[in-house]
Amino acid sequence: MTLALSQLYRGPLDFLTPPRIEATPGDDVIAASHLLDPAYLEALLERYGAQYGHGDRRAVASLWSKWHFAGLAAHGLATNLLLERDLPLGIDELHVVQTPEGQTAGFSLRHAGRPLAELDGLGRFATLLDGHLIPLIETLATVSGASPKVFWSNAGSYVEYFAGAMADHPMGSPAAAEPGLALISSRHLPDGRRNPLYQAVRHVVPADPEAPTRMPKTCCIRYLLDDLGYCANCPLECRRKAKAAKAAKAAQTATVERTAP
């Protein structure tokens, strides 16, 4: 790993394992392009789903995608925003380190990235978006049966989180984070296409000060697996609680009105 890349993994990124830089990938990695093979991906999700009792395939795929997208967003955005370099994260040139269960645990890169060809606008994220997320999410949705919105919400949540983290990085600033945050605040991509990451995360002011303030637009559907339940900031759970609170308040009001003299 180059000195420039090694400097990234401190501050809010000190918990991450840096990617491996190797011209010839080792025998312990798989080509990311395999993930676009429906047969391979189906077998991978079957293996990964064993720890969840081979439960609902849609939820299994969603959970698997969270690990994969987290690493992809963390490494890609840090290098893009802080070093202004484009890592080789295209799915046709990347290699993936996996746990025995099939979970993405790291990446093997052929080189440490090249200077970004474009700094203004969202075109600087073309490798991440067009080169990886779009083809992989299409395949995940086809193989698992889950809506593409689930995977885009998962990806967008990590894009928003790690872009924001760049403001607190020793090498970063609020200005450094702005292009990454624009990736989820822009309705359209540079070529006019709808941006599938648009508003993937909402920031709310909850009635309960202990409740999460950051909420994904779409539920990750992990609740479809036994014993997992809802995430703390699940939009479905929050909506359910809001409806329950509203119903309870209405019932209380009705009771007061009936018993009023």
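Placed above this text is the structure.
The subject of this paragraph is empty space enclosed by the protein. The tally for this structure, following the rule as stated, stands at 2 cavities of 30 Å³ or more. Taken as a whole, the largest cavity spans an internal volume of roughly 70 Å³. Lining the largest cavity are G76, L77, N80, R85, D86, L87, L89, R124, F125, T127 and L128. Elements with a minimum of two residues in the lining of the largest cavity: α3 (57-83), β3 (85-86) and α4 (126-144). Per-element accounting of the lining of the largest cavity gives the leading share, 3 residues, to α3. Among the residues making up the lining of the largest cavity, the classes are represented as 5 nonpolar, 3 polar and 3 charged. In this structure, the second largest cavity encloses a volume near 30 Å³. Lining the second largest cavity are F69, L72, A73, L128, L133, A155 and V159. Counting residues per element, the ones that place at least two in the lining of the second largest cavity are α3, α4 and α5 (148-165). Here the element with the most residues in the lining of the second largest cavity is α3; it accounts for 3 residues.

Basis of the calculations
- Residues numbered from 1 in each chain as written.
- Predicted model: local features only at pLDDT ≥ 70, side-chain atom pairs only at ≥ 80, totals over all residues.
- Heavy atoms only, no water.
- 1 Å grid on protein atoms, 1.4 Å probe; cavity = no way out; pocket = protein on both sides within 12 Å on 5 of 7 lines; lining within 4 Å.
- Points joined across faces, edges and corners; volume = space filled by probe spheres on them.
- Helix = DSSP H or I, 4+ residues; strand = E, 2+ residues; numbered from the N terminus.
- Nonpolar A, V, L, I, M, F, W, Y, C, P; charged D, E, K, R; others polar.

That's the geometry; what it means functionally is another story.
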